[in-house]
Amino acid sequence: MLRTSIKQQKAIRGTEAFRPKAYKDSKNPITGKQLYSIGYGHQIQNNENSLLSADISIAKAEQLFASDLAPLENLINSKCRIKPNQNQFDALVDFGYNCGEGALNKVISTYNSNPHNMVAVTDNMKLYNKTRSNNDGQLYVSTSLSSRRSDEADLFQSPVAKGAMIAAAGLVVGYMLLS
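What counts as what
Residues numbered from 1 in each chain as written. Predicted model: local features only at pLDDT ≥ 70, side-chain atom pairs only at ≥ 80, totals over all residues. Heavy atoms only, no water. Salt bridge = Lys/Arg side-chain N within 4 Å of Asp/Glu carboxyl O. Helix = DSSP H or I, 4+ residues; strand = E, 2+ residues; numbered from the N terminus. Buried < 20%, exposed > 50% of the residue type's maximum accessible area, 1.4 Å probe, protein only. Axes fitted to C-alpha atoms, helices over the stretch in contact; angles between N-to-C directions. Contact = heavy atoms within 4.5 Å. Core = buried A, V, L, I, M, F, W, Y, C linked by side-chain atoms within 4.5 Å.

*Asks:* I'm lost on the pattern of salt bridges in this one. Help?
*Replies:* Close approach of charged atoms lets side chains of opposite charge pair. Summed over all chains, the structure comprises seven salt bridges. When the shortest N-O distance is used, the salt bridge between Arg148 and Glu16 registers 2.8 Å. You can see Arg148 sitting in helix 6 (residues 143-157) and its partner Glu16 sitting in helix 1 (residues 6-16), a full 132 residues away along the chain. Across the pair, Glu16 and Arg148 agree in class, each one buried. A salt bridge links Lys21 to Asp55, with the nearest nitrogen and oxygen atoms 3.5 Å apart. In this pair, Lys21 is assigned in strand 1 (residues 19-27) and Asp55 in the loop between strand 3 (42-43) and helix 2 (58-79), connecting sequence segments 34 residues apart.

Following this line, the structure appears as structure tokens:
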């Protein structure tokens, strides 16, 4: 089972930026209800109302971050019929972290239908570059979301460096020798 690389975890935290207090995020597209996030982009759930008035530590933000990554990793590992490489996996996690499981399921469906057509997968990812205006409720292309989708697409299409595979294999062998 693949897990999000340390490098990608740092990238997501850098993009999301630590915020110790709850802040207004997007609105629920179905109900129109204002959504709030905290920490590294953790979307506050209905059973987490105490976070709306909290001032959290980096340690708490890290805990929330890890709890947000796990279901995305499990979803990718269980739904991808062909195992993605580490870069593809990291790109899917980043996409899912930002867009949610519903959008991630749609991209995984494209991946499963076209596992060797990376352009089809990344074109699907790039569709999620819009944000809803608080003023008129219309969808508008967001330059920051377009940039993030482009970065995810580049990562998805990047081969894994041979040195990284050798290093990872060395870690596994080293672990097996120590066990």
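*Asks:* How do you make sense of the packing of helix 3 (residues 86-99) against helix 4 (residues 101-113) when you look at a structure like this?
*Replies:* The axes of two packed helices give the description: the angle between them and the distance between them. Contact geometry of helix 3 with helix 4 gives a least axis separation of 7 Å together with a crossing angle of 145°. Within the contact between the two elements, helix 3 uses Gln88, Leu92, Phe95, Gly96 and Cys99 and helix 4 uses Glu101, Ala103, Leu104, Val107 and Tyr111.

*Asks:* In this structure, what is going on with the nonpolar core? I would like to understand it.
*Replies:* Formed by 29 residues in total, the largest nonpolar core has its most connected members in Ile76, Leu92, Tyr97 and Leu104. Mapped by element, the contributors of at least two residues to this core are helix 2, helix 3, helix 4 and helix 5 (118-126). Broken down by element, this core gets its largest block of residues, seven residues, from helix 2. When residues no more than four places from it in sequence are discounted, the contact partners of Leu104 are Leu72, Leu75, Ile76, Leu92, Phe95 and Gly96.

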